[in-house]
Amino acid sequence: GNLPELLRPDNVAEAEFAWTKKYGTVMKIKGAFGVDVLFTADPKAMQYILNTSGYNFPRNPQAVAMSKLIVGPGILFAQGPLLLLAVRDNPLIPIFYVGAEHARHGKIMNPAFSYSSLRLFVTIFRNISEKTVAKWKDAVAQSGDLSTVIDIPSWIARTTLDAIGRAAFDHYFGAIDEKEDELSSSTKISCKQSLSLEISPLISVVYSLGYIPLWVVSAMQLLPTKQLRRLRRYTKVAHRVAKGIVQTQTESYSSGKEGGKDVMSILIRANLSEDPKSKLSEPEVMAQLRTLMIAGQETTASTLTWAFYELSRHPGFQSRVREEIKTTRAQEGQRGNGELTVADLDSMQCLLSVMKETLRYHPIGTTLARVAGREDIIPLSAPQTTKTGEVVTSIPVSKGERVSISIGPYNRRVQSHRLPSVWGDDADVWRPERFLEGVHAKQQTGLGVIANLCEVTSSSVPFHEIMARSRWRFALLEMQTILIDFLENFEVSPAPGNPEIIRSATAVMSPMCVFSTIVKQCE
């Protein structure tokens, strides 16, 4: 079928861009074993599948099983009661109907992402980013000049790892200080290498399209491959660390002591006070740590790396952001608060536009796989012409039919096939000014929880809007805090040679080369 084009491109979403340019935003492609898959990048269709009728389009069961294999029975695995609904053409493969289980996990996790908790996390993020700033200043001083070349992906990954460690479960990895940490080492391997399309194509096929029976997916964790041995090692170490956190917080709760302020500690205390019938089990609590580690660190690091890449190539807008930071700092100094607040970060529109445009242009993932839980009719934003010449405004789907949602073309498609671009005629270039101009306010179809962006993290499961926004806020605050500290201390510009950066599909979409940048200390 079309799997090689989807899973092994030179650049991520290369095939999807070519398809939508030639055929439009809705088409049938061939999946594994020649099975038809409905491919769409249509805004209205995506809104219907992910939001309006989201619980009727769950992830396919193999994707859910892969989530359990990687992080355990956490919120990524939670889908609701198992209904053995036969998938079309294969009665042996069930689908999971989404519902109460995901809501149960979300209810327990919500207190950890409340506004009061987020305010405390800003201080944690700032303390961690200041450590990296100090290291960069030392590197500049040792160079004997005002600037030096920095390996951006490596430093960003270490910074976000230490940040998520402190904020998520009060664990200091010491990655910035290059300390050896068992959990840190195992995480680096499991996040990227074990899930890379280049290294583990079979896992990627199963995770993305899911046509292999569930028992095979479960059995895969026992295979003696290097990548799966690494994944098993990470699971064992993460379980041991999580168990220690659970034990400490349980003892504090039982003795009436105030517990920690990190995500896991708050989650554990909320779980202990919950109705026994809806409490998370110990394996489910352990899985939350693994979920936070993989989903929280790697995705943030990738987005920040792309943000620095683009800012180094857009010095004018970089200067604009730096001036905004200086202005906000001056206002904060007049108040005498001592540090920037969440409200200060929210007021920095240039900085926010950088984050939004980076998430749009360099999405964390490019494809979401779904399966129809019942017969349905998917509406379209604009009429489509079929091979027979018929003009249609909606697409019927049968129960069990596979659906592939393409994020890349939605985020970066220019006007074509009677459907205007969601993001403007220059959607194929990185231009953060579009968000200052209010492009998202003009859109007719609401999709993402932040600025109408479609991202894997906001659309991978159809959860409640408030909960989605709180998780987004956590990630955005981390990225904003790190960018502020770096940009007010350094100017970034392309490294000598200006190497081409390839978008590579690993666990997330990452730059496939050593992306170094010249950093010059601000005067």
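Residues numbered from 1 in each chain as written. Predicted model: local features only at pLDDT ≥ 70, side-chain atom pairs only at ≥ 80, totals over all residues. Heavy atoms only, no water.

Caption draft 1: Layout of the pattern of salt bridges. Inspection of the entire model under this criterion finds 17 salt bridges. Among the salt bridges present, the one from Asp170 reaches Arg166, with a minimum N-O distance of 3.6 Å. Residue Arg166 is classed as partly exposed on the basis of its relative accessible area of 32%. Look at the salt bridges and you will find they share partners, linking Glu357, Arg360, Asp426, Arg431, Arg434 and Glu437 into a network. (Salt bridge = Lys/Arg side-chain N within 4 Å of Asp/Glu carboxyl O. Buried < 20%, exposed > 50% of the residue type's maximum accessible area, 1.4 Å probe, protein only.)

Caption draft 2: How the structure looks around the sheet that holds strand E1 (residues 26–30). With respect to topology, four strands assemble into an open sheet ordered E1-E2-E9-E6, the strand pairing being mixed. A single partner strand is all that each edge strand has here, and the edge strands are E1 and strand E6 (367–371). Ignoring strand direction, the axes of neighbouring strands in this sheet form an average angle of 30°. Pairing analysis gives four bridges linking strand E2 (residues 36–40) to strand E9 (residues 402–406), with the strands arranged parallel. Across the sheet, Phe39 pairs through a bridge with Ser404, a residue of E9. Its contacts with the sheet put helix H2 (residues 14–23) on E1, E2, E6 and E9, and the angle it makes with E1 is roughly 130°. (Pairing = 2+ DSSP bridges. Helix = DSSP H or I, 4+ residues; strand = E, 2+ residues; numbered from the N terminus. Axes fitted to C-alpha atoms, helices over the stretch in contact; angles between N-to-C directions. Contact = heavy atoms within 4.5 Å.)

Caption draft 3: Representation of the pairing of E6. Within E6, four of the five residues are buried, which leaves the element mostly enclosed by the surrounding structure. Of the strand pairs in this sheet, E6 and E9 are connected by five bridges, and their pairing is antiparallel. Within E9, the position partnered with Leu368 by the bridge is Ile405.

Caption draft 4: Quick look at the packing of helix H6 (residues 115–143) against helix H7 (residues 152–169). Between H6 and H7, whose axes approach to 9 Å, the crossing angle comes to 150°. H6 and H7 meet at a crossing whose hand is right-handed. Contacts from Phe121, Ile124, Phe125, Ile128, Ser129, Thr132, Lys135 and Trp136 of H6 reach H7 at Ile152, Trp155, Thr159, Asp162, Ala163, Arg166 and Ala167. Its residues assigned to classes, the contact of H6 with H7 comprises nine nonpolar, three polar and three charged. (Left-handed = near helix turned anticlockwise from the far one by under 90°. Nonpolar A, V, L, I, M, F, W, Y, C, P; charged D, E, K, R; others polar.)

Caption draft 5: The arrangement of H2 in detail. Considered for burial, the residues of H2 that qualify are Ala15, Glu16, Trp19 and Thr20. The arc that holds the buried residues of H2, viewed along the axis, is 125°, so those residues lie on one side. Of the exposed residues in H2, the ones pointing more than 90 degrees away from its buried face are Lys21 and Lys22. Phi for Gly24, located one or two positions after H2, is positive at around 105°. (Arc of directions from axis to C-beta.)

Caption draft 6: Structural detail: H6. Between its first and last C-alpha atoms H6 spans 42 Å; for 29 residues at 1.5 Å apiece the expected length is 42 Å, and the two agree. Within H6, burial applies to Ser117, Leu118, Phe121, Val122, Phe125, Arg126, Ile128, Ser129, Thr132, Val133, Trp136 and Val140. Downstream of H6 by one or two residues, Gly144 has phi in the positive range, about 75°. (Expected span 1.5 Å × (residues − 1).)

Caption draft 7: Broad picture of the confidence of the model for the protein chain. Mean pLDDT over the protein chain works out to 75, with 68% of the residues at or above the 70 mark. A low-confidence stretch, residues 74–98 (pLDDT under 50), is modelled with 80 contacts involving residues beyond four sequence positions or located in other chains. Here residues 457–469 scores under 50 on pLDDT; set against residues more than four positions off or in separate chains, the count is 32 contacts. (pLDDT = per-residue confidence, 0-100.)

Caption draft 8: Structural view of the packing of aromatic side chains. Per the counting criterion, the structure on display carries eleven aromatic pairs. An angle of 85° between the planes, with centres 6.5 Å apart, marks the rings of Tyr410 and Trp423 as edge-to-face. Of the two residues, Tyr410 is situated in helix H17 (residues 407–412) and Trp423 in the loop between H17 and helix H18 (433–436); the sequence distance between them amounts to 13 residues. Grouping residues by exposure puts Tyr410 and Trp423 together as buried. The lysine or arginine in question, Arg158, covers the ring of Trp155, its NZ or CZ lying 4.0 Å from the ring centre. (Phe/Tyr/Trp six-rings, centres within 6.5 Å; stacked < 30°, edge-to-face > 60°. Lys NZ or Arg CZ within 6 Å of the ring centre and 35° of its normal.)

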